[in-house]
Amino acid sequence: MTIEGDFSPKVVVTSLSFAKSTVLRKELLKVFPNSIFTNHRQKLLGEKMIEFIGDADAAIVGVETIDDSILRHTTKLKIISKYGVGLDNIDLESLKNRDIFLGWTGGTNKRSVSELTLCFMLGLCRNVFCSSFKLKKLEWEKDGGHQLSGKTVGIVGCGHTGSDVVRLLAPFGCNLLVNDIVDKSNFCQEQGASQVNLDTVIEQSNIISLHVPLTKQTHQMINANFLQKMKSTGFLINTSRGQVVDQEALKKAMIQGDICGAALDVFVEEPPVDKDFLSLPNLMVTPHIGGNAQEGVEAMGRAAIKHLVLFF
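Figured I'd write up the structure that's included with this text. Since we're looking at a predicted model, the values are computed, not measured.

**Re the pattern of salt bridges**
Opposite charge on two side chains lets them pair, provided their charged atoms get close.
Thinking step 1. Inspection of every chain in the model, using the stated rule, returns 11 salt bridges.
Thinking step 2. The salt bridge partner of D68 is R98, with a shortest N-O separation of 3.0 Å. Taken together, the positions of D68 in helix α4 (residues 68-71) and R98 in the loop between α5 (92-97) and β5 (101-103) put the pair 30 residues apart, joining distant regions of the chain.
Thinking step 3. According to the relative accessible area criterion, D68 is partly exposed, its value standing at 30%.

What follows is the structure in structure tokens.
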């Protein structure tokens, strides 16, 4: 698409983390001087989103919900450029019906997410989190947990991030079990991993790490039945999407000792409000920072800017 004359597209940035980045603001304003950044401290919703995005020609969107209730008020909107990799918050059918282009690049923040995943694996295995919390309360309990090396690790979803986790685990000599709806046999052969069915991952893994998109098939795929099949000494890690896990079932399983512990970067409701769940001693949590290492933020932002440049 070619824009002629002195037309300067109005670009709105709904993402908080993009708006907070001095580097990304400067780079966007250089090519699109008529850009406006959210100054809200919380995620834009409903009427506030409509008011902010309503007269824009383009929008850079993060995790904010963009559905038909929003899009029907955006009569000038020509493109949504995704800041991030998940598309579950965007009504793709509504975009298509309204002839609004979607700019999206997968895997831009994979290393940021995969490094946090590795941090969770090491922290859970070596009892770093629990022992640290206790020591801060002057409780001296020397329990060094177990080594990650040599353990059986199940990777559910072997796309950009899942495959990067497999690569990062190479020095640890783990037995790697991969489950994916796509044939990953060539990748597994290269990495010394095995592609297996989901039940094998559940029953044999010491650690299960989730790297799937949120779809109808993956919504609450981690349910009570899944958790009961896991090893009682096993750990669950989720850095994908909160709704992939039945949070109440996980809470119950951890209280009952059905699994040893879990680490979550994502939640059904963000920010989460269940204090009883968050305070479980065998649960490690972070506030959806997986993809938000500075390098990941800038990579996601530049990809979003690039889509706007190519479009206009």
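**Re empty space enclosed by the protein**
Thinking step 1. Tallied over the full model, the rule gives two cavities of 30 Å³ or more.
Thinking step 2. Of the pockets and cavities examined, the largest cavity occupies roughly 40 Å³.
Thinking step 3. Around the largest cavity, the lining residues are N238, G242, V245, Q247, L250, L264, V266, F267, V268 and F277.
Thinking step 4. By residue class, the composition of the lining of the largest cavity is seven nonpolar, three polar and no charged.
Thinking step 5. The volume enclosed by the second largest cavity comes to roughly 30 Å³.
Thinking step 6. What lines the second largest cavity is simply L124, F129, C130, F133, A262, P281, N282, L283 and M284.

Reading the values: the criteria
Residues numbered from 1 in each chain as written. Predicted model: local features only at pLDDT ≥ 70, side-chain atom pairs only at ≥ 80, totals over all residues. Heavy atoms only, no water. Salt bridge = Lys/Arg side-chain N within 4 Å of Asp/Glu carboxyl O. Helix = DSSP H or I, 4+ residues; strand = E, 2+ residues; numbered from the N terminus. Buried < 20%, exposed > 50% of the residue type's maximum accessible area, 1.4 Å probe, protein only. 1 Å grid on protein atoms, 1.4 Å probe; cavity = no way out; pocket = protein on both sides within 12 Å on 5 of 7 lines; lining within 4 Å. Points joined across faces, edges and corners; volume = space filled by probe spheres on them. Nonpolar A, V, L, I, M, F, W, Y, C, P; charged D, E, K, R; others polar.

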